[in-house]
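Coordinate analysis (summary)
Spelled out, the chains give:
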Amino acid sequence: MKEPDDCSNIQEIRVEIDRIDREIIKLIGKRFEYVKAATKFKTDENSVKAPERFKSMLQQRRDWAEAEGLKADAIEKLYRDLVNYFIDEELKHWKS
């Protein structure tokens, strides 16, 4: 892995971005495994949606984003979309 300042051309930068994105997607897949495993501890649809947990989780991600110098609104949207997708999938899994 090259550091951004060590890249000597755009192709090297793109290779590193692709490598990072692949790792991010792999981690999202692992996160989804935990989401599916959580269904065995959920007793109803509200516990799957967990609105208070969802709200606090988004705030924590906003805080983490700001600590990394990222725009909190953008990271919140990313997580809101991701977690809503996972909730929909979890509901399907839980109902089956």
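The structure displayed is predicted, hence computed values, not measured ones. (Residues numbered from 1 in each chain as written. Predicted model: local features only at pLDDT ≥ 70, side-chain atom pairs only at ≥ 80, totals over all residues. Heavy atoms only, no water.)

**Some words on unusual backbone geometry**
For Ala 50, which is not glycine, the phi torsion reads 40° and is therefore positive. You can see Ala 50 is positioned in the loop between α2 (45–49) and α3 (51–67). We classify Ala 50 as partly exposed; its relative accessible area is 22%. (Helix = DSSP H or I, 4+ residues; strand = E, 2+ residues; numbered from the N terminus. Buried < 20%, exposed > 50% of the residue type's maximum accessible area, 1.4 Å probe, protein only.)

**Let's talk about the side chain of Arg 62**
Residue placement: Arg 62 occurs in helix α3. According to the relative accessible area criterion, Arg 62 is buried, its value standing at 17%. A polar contact is formed between the side chain of Arg 62 and the side chain of Glu 76, at a distance of 2.6 Å. Sequence-distant contacts of Arg 62, defined by excluding residues within four places in its chain, comprise Ala 72, Asp 73 and Glu 76. (Polar contact = N/O pair within 3.5 Å; in protein donor to acceptor, adjacent residues only side chain to side chain. Contact = heavy atoms within 4.5 Å.)

**Notes on helix α4 (residues 72–95)**
Owing to its 3.6 residues per turn, the α-helix brings residues three or four apart onto one side. Its 24 residues place the ends of α4 33 Å apart at the C-alpha level, agreeing with the 34 Å of an ideal helix rising 1.5 Å per residue. Looking only at α4, the buried set comprises Ala 72, Glu 76, Leu 82, Val 83, Phe 86, Ile 87, Glu 90 and Leu 91. Structurally, α4 contributes buried residues whose contacts are with α1 (10–38), α2 and α3. (Expected span 1.5 Å × (residues − 1).)

That's the geometry; what it means functionally is another story.
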